[in-house]
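# Coordinates in review
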Amino acid sequence: MFMSDSPAPASSASALPLEDAILATLARAERKTLGAPEIAHAIAEGRDWHALLAPIRRAAVALAQSGRLVIYRHGKPVDPNDFRGVYRLGLPRQD
C-alpha cells in the first residue's frame, strides 16, 4: 500500500494514504491491537519497513486526536499528545 521505500513528506495529502493504510491494517487484524512494527510490516509488503515507524507514529497521533484509533501503553489508553516508549494501536471500541 505504501508507494515508496522512503517516507513521504509530511503533508496532509501524503499523510492520508498512510492513515488509511493503518486503519485498514487494524481492521484486518485478528488481534485487538497491533504494534507499530507489525503495522509497518503489513504496509511495506516485503520492502524495508523501518523507515515507516516514525511516520506511523505521527499518523497514529493524528488519528487518535480525531478519535479514529486508540494508542495503548501497558494495555491502557494514553494521551496521544504525551506518551513515550513502546505502544500499540487499536480501533475504538464499538460497545
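Residues numbered from 1 in each chain as written. Predicted model: local features only at pLDDT ≥ 70, side-chain atom pairs only at ≥ 80, totals over all residues. Heavy atoms only, no water.

Helix and strand counts for the protein come out as three helices and four strands. Burial status across the protein gives 35% buried among its 95 residues. For the protein, long-range pairs separated by at least 24 residues make up 49% of all intrachain contacts whose partners lie at least 6 apart in sequence. Carbon and sulfur atoms form 56% of the exposed surface of the protein, whose accessible area is close to 6000 Å². (Helix = DSSP H or I, 4+ residues; strand = E, 2+ residues; numbered from the N terminus. Buried < 20%, exposed > 50% of the residue type's maximum accessible area, 1.4 Å probe, protein only. Contact = heavy atoms within 4.5 Å. Areas by Shrake-Rupley, 256 points an atom, 1.4 Å probe, with all protein chains shown as cover.)

Turning next to the pattern of salt bridges. Pairs may arise between side chains of opposite charge once their charged atoms sit close together. A complete count under the given rule lists two salt bridges for this structure. R31 is the salt-bridge partner of E38, the closest N and O atoms lying 2.7 Å from each other. The class for E38 is partly exposed, based on a relative accessible area of 27%. Two residues, R88 and E38, come together in a salt bridge whose shortest N-O distance is 3.4 Å. Here the residue R88 occupies a position in strand 4 (residues 88-90), and E38 occupies one in helix 2 (residues 36-44), the gap between them amounting to 50 residues. In this structure, a network of salt bridges that share partners links the residues R31, E38 and R88. (Salt bridge = Lys/Arg side-chain N within 4 Å of Asp/Glu carboxyl O.)

Attention now moves to the confidence of the model for the protein. Residues with a pLDDT of 70 or more make up 82% of the protein, whose mean pLDDT is 86. Scored below 50 in pLDDT, residues 1-15 shows 18 contacts in the model against residues more than four places distant or in partner chains. (pLDDT = per-residue confidence, 0-100.)

Let's shift gears to the environment of L18. Within the element layout of this structure, L18 appears in helix 1 (residues 12-28). L18 sits in the buried class, given a relative accessible area of 6%.

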